[in-house]
Amino acid sequence: MTDVNRRDALKALALTPLAASIGVAPKHLERVVRAMEKLEATGAPAAPAFFTAHEWAAVRLLVDYIIPRDERSGSATDAKVPEFMDFLLADKDATVTQKTSIQGGLAWLDNECQHRFSKIFVTATDTQRRQVLDDIAWPKKARPEMHHGVLFFSHFRDLTASGFYSTQMGWQDVQYKGNVALPAWNGCPPEALAKLGVSYS
């Protein structure tokens, strides 16, 4: 096996569980990853291929409510999560169900904001948006009439997390170091032993 083939094989192994978690085929997700790599290499701003301009504005706001910028990392928008979703849904293998669930959910969000505040999601205030999101972010606490919003938000949150944690920014956020060679094994660190309440003696 050549180095290139090995890298491709390793990438495929990592992509398979991620693809399964968001309900797409590994080949579908692999094309999205390649598109993201090309986007990051060129640095060119992405015009959405799937989302309308109105939806694009809502998606960019919503992903940053899910993963905002903090002291450890940038936001979902900084990690190009909206572009990840756009590539995923514009792909030839994206199903009508996948597309409808996201666009329908965004429309639900607008309708809910319109009903409560006479504004759509993008023009609502931060406080108003948070009121709606608080009602759909916790499935076990949500009122029955919020069912469609809960389903949409859970799926959208999964896509946001998948897009974010498949980037270098996401890996760094969870302090993933990959396989690191240790010059010597000195056992479990004392602080970890203390936390577990165990010892070697």
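Check the entry above for the structure.
From a predicted model like this one, the values you see are computed outputs, not experimental measurements.

**Let's talk about the packing of aromatic side chains**
Here comes step 1: Enumeration over the complete set of coordinates arrives at five aromatic pairs.
Here comes step 2: Here the aromatic rings of phenylalanine 152 and phenylalanine 156 are separated by 5.4 Å at their centres, their planes lie at 50°, and the arrangement is tilted. Of this pair, phenylalanine 152 and phenylalanine 156 both sit in helix H7 (residues 147–165), separated by four residues, roughly a single helical turn. There is no split in this pair, since phenylalanine 152 and phenylalanine 156 are both buried.
Here comes step 3: Through pairs of rings, three or more aromatic residues link up here, namely Phe50, Phe51 and Trp56.
Here comes step 4: Sitting over the face of the ring of phenylalanine 121, arginine 129 holds its NZ or CZ atom 5.8 Å from the ring centroid.
Here comes step 5: A cation over an aromatic ring shows up here: lysine 141 above the ring of tryptophan 138, its NZ or CZ 5.8 Å from the ring centre.

**A look at the side chain of serine 75**
Here comes step 1: Mapped onto the secondary structure, serine 75 falls in the loop between helix H3 (53–66) and helix H4 (81–90).
Here comes step 2: In this structure the side chain of serine 75 is engaged in a polar contact, spanning 3.2 Å, whose partner is the side chain of aspartate 64.
Here comes step 3: Here serine 75 is in contact with Asp64, Ile67, Pro68, Arg69, Phe164 and Met169, once residues within four sequence places are set aside.

**Looking at a nonpolar patch on the surface**
Here comes step 1: Residues Tyr165, Trp171, Val174 and Tyr176 make up a contiguous nonpolar surface patch of about 460 Å² in total accessible area.
Here comes step 2: As for its position among the elements, tyrosine 176 is in the loop between helix H8 (168–173) and helix H9 (190–196).

**As for the pattern of salt bridges**
Here comes step 1: Throughout the structure, instances matching the rule amount to 11 salt bridges.
Here comes step 2: Close ionic contact of aspartate 135 with arginine 116 constitutes a salt bridge, the shortest N to O distance being 2.8 Å. With aspartate 135 in helix H6 (residues 126–136) and arginine 116 in helix H5 (residues 96–117), this pair connects stretches of sequence that are 19 residues apart.
Here comes step 3: Arginine 116 sits in the partly exposed class, given a relative accessible area of 26%.

**Regarding the packing of H3 against H4**
To characterise two packed helices, one gives the angle between the axes of the helices and the distance between these axes.
Here comes step 1: Taken N-terminus to C-terminus, the directions of H3 and H4 make an angle of 130°; their axes are 9 Å apart at the nearest point. As far as their axial angle goes, H4 and H3 are oblique. H3 and H4 meet at a crossing whose hand is right-handed. Residues Trp56, Val59, Arg60 and Val63 of H3 pack against Val81, Pro82, Glu83, Met85 and Asp86 of H4.
Here comes step 2: For the contact of H3 with H4, the residue count by class is six nonpolar, no polar and three charged.

**Remarks on the environment of serine 201**
Here comes step 1: Inspection of the secondary structure assignment puts serine 201 in the segment after H9.
Here comes step 2: Accessibility expressed as a relative area gives 90% for serine 201, which makes it exposed.

**What about H3?**
For an α-helix the count is 3.6 residues per turn, leaving residues at separations of three or four pointing the same way.
Here comes step 1: Counted at 1.5 Å a residue, the expected span for H3 with its 14 residues is 20 Å, and the 20 Å between its end C-alpha atoms agrees.
Here comes step 2: Of the residues making up H3, those classed as buried are Glu55, Trp56, Ala58, Val59, Leu62, Val63 and Tyr65.
Here comes step 3: Against H4, H5, H6 and H7 lie the buried residues of H3.

Rules of the game
Residues numbered from 1 in each chain as written. Predicted model: local features only at pLDDT ≥ 70, side-chain atom pairs only at ≥ 80, totals over all residues. Heavy atoms only, no water. Phe/Tyr/Trp six-rings, centres within 6.5 Å; stacked < 30°, edge-to-face > 60°. Helix = DSSP H or I, 4+ residues; strand = E, 2+ residues; numbered from the N terminus. Buried < 20%, exposed > 50% of the residue type's maximum accessible area, 1.4 Å probe, protein only. Lys NZ or Arg CZ within 6 Å of the ring centre and 35° of its normal. Polar contact = N/O pair within 3.5 Å; in protein donor to acceptor, adjacent residues only side chain to side chain. Contact = heavy atoms within 4.5 Å. Patch = residues over 30% accessible without salt bridge, like charges linked within 9 Å, V, L, I, M, F, W, Y side chains within 5 Å. Areas by Shrake-Rupley, 256 points an atom, 1.4 Å probe, with all protein chains shown as cover. Salt bridge = Lys/Arg side-chain N within 4 Å of Asp/Glu carboxyl O. Axes fitted to C-alpha atoms, helices over the stretch in contact; angles between N-to-C directions. Parallel < 35°, antiparallel > 145°, perpendicular 65-115°, else oblique. Left-handed = near helix turned anticlockwise from the far one by under 90°. Nonpolar A, V, L, I, M, F, W, Y, C, P; charged D, E, K, R; others polar. Expected span 1.5 Å × (residues − 1).

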